[in-house]
Amino acid sequence: MKILMYLVVFLVSLTAFSQQRVIEITNVKTGEIKFFEENRRVKTRTLDEKKRIGILKITDSQSFTINNQSVKIDSLKSIKFQPKTLATVKTVVLVIGLATVGASLIAASGGSDSAFLLFTMGSGVTISAGLLEGLNANNSSNKWTFKIIEKAKPKQQKINP
């Protein structure tokens with residue numbers, strides 16, 4: 001019974017004091033700190049200009065993996081969150097804009113007066129797809145410093161309805 005009690009106390013303390021590894025980025029000028037936690041979808045670019053989009057897994061204190069491709073923290077050029085829904089919305093808006101521009105070209109070849117209106121609407125929608133990319137700020141290495149740290153997990157709070 002005593003051994004069982006020690007085992008339960010050990011397991012509870014193990015989960016209470018567990019830590020997770022995160023990528024901590026610090027703004028060089030302002031000192032602002034942001035965290036990129038594991039199992040989040042991110043978009044990275046390395047110093048050799050390779051772009052990787054996928055789920056972040058931190059392997060050790062000097063490297064992490066995205067889609068089973070290892071990246072050293074020293075070779076990281078930029079990182080940003082890349083939610084799946086934002087990528088989907090951006091693609092849908094881009095396709096709708098390009099389809100509208102295509103429809104304006106077809107209308108112009110038929111001599112329709114509404115071709116210019118369709119072209120301006122399609123151009124605006126296509127440009128807005130590009131603006132959606134700017135919603136998530138790109139954290140570049142010339143403004144931010146990157147490092148992998150151990151961070152205590154936040155305690156889970158119960159929400160009473």
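Here is what the cut-offs are and how they apply
- Residues numbered from 1 in each chain as written.
- Predicted model: local features only at pLDDT ≥ 70, side-chain atom pairs only at ≥ 80, totals over all residues.
- Heavy atoms only, no water.
- Salt bridge = Lys/Arg side-chain N within 4 Å of Asp/Glu carboxyl O.
- Helix = DSSP H or I, 4+ residues; strand = E, 2+ residues; numbered from the N terminus.
- Buried < 20%, exposed > 50% of the residue type's maximum accessible area, 1.4 Å probe, protein only.
- Contact = heavy atoms within 4.5 Å.
- Axes fitted to C-alpha atoms, helices over the stretch in contact; angles between N-to-C directions.
- Parallel < 35°, antiparallel > 145°, perpendicular 65-115°, else oblique.
- Left-handed = near helix turned anticlockwise from the far one by under 90°.
- Nonpolar A, V, L, I, M, F, W, Y, C, P; charged D, E, K, R; others polar.

(A) Structural view of the pattern of salt bridges. Evaluated as defined, the whole model comprises 4 salt bridges. Among the ionic pairs, Arg 21 bridges to Glu 150, the shortest N-O distance being 3.4 Å. Pair noted here: Arg 21 is in strand 1 (residues 19-27) and Glu 150 is in strand 9 (residues 144-152), with a separation of 129 residues, a long-range link. Here Glu 150 falls in the partly exposed class, since its relative accessible area comes to 46%. Its salt-bridge partner being Arg 45, residue Glu 49 comes within 3.9 Å of it at the nearest N-O pair.

(B) View of the environment of Phe 146. With respect to the helices and strands, the residue Phe 146 is situated in strand 9. The exposure class of Phe 146 is buried, given its relative accessible area of 16%. Between the C-alpha atoms of Phe 146 and Ile 79, which are 67 residues apart in sequence, the distance is 9.4 Å. Aside from chain neighbours lying at most four places away, what touches Phe 146 is Glu 24, Ile 25, Ile 73, Leu 76, Lys 77, Ser 78, Ile 79, Asn 139, Ser 140 and Ser 141.

(C) The arrangement of the packing of helix 2 (residues 84-109) against helix 3 (residues 115-133) in detail. The geometry of helix 2 relative to helix 3 is characterised by a closest axis approach of 8 Å and an angle of 160° between their N-to-C directions. The orientation of helix 2 relative to helix 3 falls into the category roughly antiparallel. For the element pair helix 2 and helix 3, the recorded crossing hand is left-handed. For the contact of helix 2 with helix 3, the residue count by class is 16 nonpolar, 7 polar and 2 charged.

It is worth stressing that arrangement in space is one thing and function is another; only the former is reported here.
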